[in-house]
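The chain contents come next:
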Amino acid sequence: MSQVRVRFAPSPTGFFHIGSARTALFNWLYARHTGGTFVLRIEDTDKERNTDEALRVLLDGMRWMGMDWDEGPEVGGASGPYFQSERQAVYDEYLLKLKDAGRTYEKDGAIWFKLEGERTTEYDDFRKAEVEKVKAAPVVIDDAVRGRVERAEEMDFVIVRKDGNPVFHLVNVVDDIAMGITHVIRGEDHLSNTSKHVELFKAFGVEPPVFAHIPLILKEVGSGKMSKRDKGALIEEYEQRGFLANAVRNYISLLGWNPKDEREKMDIAEIVELFDFPGINKGNSRFDEKKLSALNTEYLRELNIESYAFLARPILHTAGVISEEENEDYIQSVLTLCQSKARSLDELPDFCRYFFSDAYALDEKTGNKIAKKGDPKELLAEIVPVLDAVDFEADALQAALEAHAESKDVKVFAYFPALRYALSGKGGGPDLIPMLVVLGKQRVLARLQAFVG
Ligand code: GLU
């Protein structure tokens with residue numbers, strides 16, 4: 001086992017945001033890539049938001065994505081407890097170290113961290129008051145993603161609030177020290193905190209860890225950061241929508257990282273092998289629902305039909321597409337047809353409803369398009385006797401339709417759009433001949449007769 005110790009340090013909010021999931025994943029991947037240790041530390045200092053339910057959403061999301069942690073809630077470990085709300089004794093101990101080193105003072109009921117450097121009193125336009133500024137030596141961060149970043153803190157900052165609660169900067173750094181964290185991989189929004197953190201590490205006499213700040217995930221359109229209201233932002237929803245965890249994980253790994261070649265669909269062992277800091281992009285990444293869906297389709301196609309049906313059945317059931325009585329063989333043959341075509345499982349109910357019900361809507365746009373090529377009723381009236389006379393088996397159907405088309409001196413495809421439209425109400429779907437076979441002669445003829453009127 002290597003010495004690498006990374007941590008994912010979420011503050012549970014009740015949602016597992018894609019940005020957090022990506023931070024968790026990059027830490028997990030780095031730990032697995034290096035043979036290091038992945039620590040899960042719960043930064044639950046905000047008592048209002050950090051409920052049991054919020055923690056459950058987070059842990060479930062981690063588990064769903066297959067990110068197991070070596071130390072943390074439920075599994076324990078030598079650096080526990082792993083909830084900040086249970087670590088007050090550790091913070092008190094470290095606070096005392098700072099105090100003894102002369103690096104703290106009290107002001108207005110709060111405890112402040114004292115920077116080192118020349119002090120001046122200046123009028124601050126923003127605060128509209130006299131403030132004490134400090135000329136501290138700039139902190140240099142050799143960020144593993146951003147490169148060299150230099151920043152000087154200008155003012156002392158609060159580390160324990162008036163109400164006695166230690167501030168994020170303090171507990172975050174203390175825990176990274178106490179837990180022996182070697183690499184801090186986190187969102188770029190924390191880059192501006194890092195100079196404070198490095199000042200604290202120095203005051204404790206501890207070499208700071210390697211920092212790797214990963215760029216933002218932008219929403220699909222515009223320049224904003226992906227927020228929890230944006231579609232696709234919450235991990236728990238992917239599960240509900242029937243996305244495959246492997247596909248989601250593969251997609252998220254590509255948000256800000258790539259293996260420096262064209263590879264996109266990779267199994268997890270491959271990603272673990274290839275994942276490293278040089279592959280992390282400096283620029284922001286953009287959420288792309290289409291790409292995620294395409295990847296998900298590829299993963300769905302690879303499932304054997306039993307696994308696919310296992311995932312699809314409850315979704316079709318909940319959507320009211322199939323009932324308990326529906327014939328199992330029929331469900332499987334429908335799913336075999338749809339597996340390679342439906343982009344996600346949440347699209348499946350609308351994609352295949354017409355296989356199970358005669359009450360399907362006719363898509364107006366498709367209807368108009370077809371009507372431009374001639375009256376579909378006339379076209380299909382020709383076809384009814386042809387289909388009536390043939391066994392519903394792929395080759396026989398194809399041959400019968402082709403023979404009829406030839407007798408009319410048209411291509412067989414001239415009949416396909418109208419046929420599909422009458423049988424499903426749609427302009428697209430599974431391949432037509434197999435669809436006829438699965439629907440079966442009785443259903444097909446009844447639907448065509450009803451359509452032709
Ligand atoms: N609790 C912080 C967050 O959720 C952790 C920041 C860090 O990783 O250092 O943003």
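Note that the structure is a prediction, hence the values are computed from the model and not measured.

1. Section: the overall build of the protein chain
Inference 1: Tallying secondary structure elements over the protein chain gives 18 helices and 13 strands in all.
Inference 2: In terms of C-alpha radius of gyration, the protein chain reaches 30 Å, well past the compact-globule figure of 22 Å for 453 residues.
Inference 3: When its C-alpha atoms are laid out on the principal axes, the protein chain stretches across 100 × 45 × 40 Å.
Inference 4: Residues classed as buried in the protein chain amount to 49% of the 453 residues present.
Inference 5: Put simply, 71% of the contacts in the protein chain that link residues at least 6 apart link residues at least 24 apart.
Inference 6: Of the roughly 22,100 Å² of accessible surface on the protein chain, 50% is carried by carbon and sulfur atoms.
Inference 7: Side chains of the protein chain carry 59 positive and 76 negative charges; the gap between the two charge centres is 5 Å.

2. A word on the pairing of strand β10 (residues 183-187)
Inference 1: By the criterion of burial, β10 is predominantly enclosed, with five of the five residues buried.
Inference 2: In terms of handedness, the path from β10 via helix α5 (residues 194-203) over to strand β11 (residues 210-214) forms a crossover that is right-handed.

3. Concerning the layout of surface pockets
Inference 1: Size it by volume and the largest pocket reaches roughly 1,200 Å³.
Inference 2: In terms of lining, the largest pocket is formed by 46 residues, of which the most central are Ala9, Pro10, Ser11, Ser20 and His190.
Inference 3: Elements represented by at least two residues in the lining of the largest pocket include exactly β1 (5-8), α1 (18-34), α3 (88-100), α4 (168-178) and β10.
Inference 4: The greatest single-element share of the lining of the largest pocket, amounting to four residues, is contributed by α1.
Inference 5: Classifying every residue of the lining of the largest pocket gives 18 nonpolar, 15 polar and 13 charged.
Inference 6: For the second largest pocket, the calculated volume is near 410 Å³.
Inference 7: Lining the second largest pocket are 19 residues, and of these Ile370, Lys373, Ala414, Pro417 and Ala418 sit closest to its centre.

4. Topic: the environment of glutamine 84
Inference 1: With respect to the helices and strands, the residue glutamine 84 is situated in the loop between α2 (52-64) and α3.
Inference 2: For glutamine 84, a relative accessible area of 3% puts it in the buried group.
Inference 3: For the pair glutamine 84 and tyrosine 105, spaced 21 residues apart in sequence, the C-alpha separation works out to 24 Å.
Inference 4: Leave out the neighbours within four places in its chain, and glutamine 84 touches Arg41, Ile42, Glu43, Asp44, Thr45, Tyr91, Val171, Asn172 and Asp175.

5. What to know about the site of the ligand
Inference 1: Around the ligand sit Arg7, Ala9, Pro10, Ser11, Glu43, Phe168, Asn172, Arg186 and His190, and those are all the residues in its vicinity.
Inference 2: Interatomic distance of 3.0 Å between a side-chain N/O atom of asparagine 172 and an oxygen atom of the ligand.
Inference 3: Notes on the ligand: free accessible area 300 Å², of which the protein chains cover 80%.
Inference 4: When atom positions are compared with the pocket grids, the ligand is found to occupy the largest pocket.
Inference 5: When the residues that make up the shell around the ligand are grouped by side-chain class, the tally is three nonpolar, three polar and three charged.

6. Observations concerning the packing of α4 against α5
Inference 1: Contact pair α4 / α5: the axes reach a minimum separation of 10 Å and the direction vectors enclose 55°. Taken together, the axis directions place α4 and α5 in an arrangement best described as oblique. The handedness of the crossing between α4 and α5 comes out as right-handed. Facing α4, whose interface residues are Phe168, His169, Leu170, Asn172, Val173, Asp176 and Ile177, α5 presents Lys196, His197, Leu200 and Phe201.
Inference 2: By residue class, the composition of the contact of α4 with α5 is six nonpolar, three polar and two charged.

Procedures and definitions
Counting from 1, residues in each chain are numbered in the order their sequence is written. Note on the predicted model: pLDDT of at least 70 is required for a residue's local features to be given, and 80 or more for side-chain atom pairs to be given and counted; whole-chain, interface and lining totals, by contrast, use all residues. Working from all heavy atoms in the structure, the side-chain values ignore hydrogens and water. Put simply, DSSP H or I for four residues or longer makes a helix, DSSP E for two residues or longer makes a strand, and each gets a number counted from the N terminus. All radius of gyration figures rest on C-alpha atoms, and the globule criterion is 2.2 Å times the number of residues raised to 0.38. Each residue is assigned to one of three classes by its accessible area relative to the maximum for its type, calculated with a 1.4 Å probe on protein chains only: buried under 20%, partly exposed between the two thresholds, exposed over 50%. Contact definition: two residues touch when any of their heavy atoms are within 4.5 Å. To measure how exposed things are, a 1.4 Å probe is used in the Shrake-Rupley method; for residues, cover is taken only from the protein chains shown. Only four residue types enter the tally: Lys and Arg on the positive side, Asp and Glu on the negative side, with His and both chain ends excluded. Lys charges are placed at NZ, Arg charges at CZ, Asp charges at CG and Glu charges at CD. Crossover handedness is defined here as right-handed if the route from the first strand over the helix to the second strand goes clockwise, with the strands pointing away from the viewer. Put simply, the grid is 1 Å and covers the protein atoms alone, a cavity is a trapped set of points that fit a 1.4 Å probe, a pocket is an open set with protein on both sides within 12 Å along at least five of seven lines, and lining residues have an atom within 4 Å of a point. Grid points are joined across faces, edges and corners, and a volume is the space filled by probe spheres set on the points. By the convention adopted, Pro, Cys, Tyr, Trp, Phe, Met, Ile, Leu, Val and Ala count as nonpolar, Lys, Arg, Asp and Glu as charged, and the other residues, Gly among them, as polar. When we say a residue is near a molecule or strand, we mean one of its heavy atoms is within 4 Å of it. In the analysis that follows, any N or O atom pair within 3.5 Å is treated as a polar contact, provided that within protein one partner can donate a hydrogen and the other can accept it, and provided that, for residues neighboring in sequence, both atoms belong to side chains. To qualify as sitting in a cavity or pocket, a molecule needs more than half of its atoms within 2 Å of the grid points. Only the stretch in contact is used when a helix axis is fitted, and all axes are lines through C-alpha atoms; the angle between N-to-C directions ranges over 0 to 180 degrees. Throughout this description, any angle smaller than 35 degrees is read as roughly parallel, any larger than 145 degrees as roughly antiparallel, any in the 65 to 115 degree range as roughly perpendicular, and the remainder as oblique. With the far helix as reference, a near helix turned anticlockwise by less than a right angle produces a left-handed crossing, and one turned clockwise produces a right-handed crossing.

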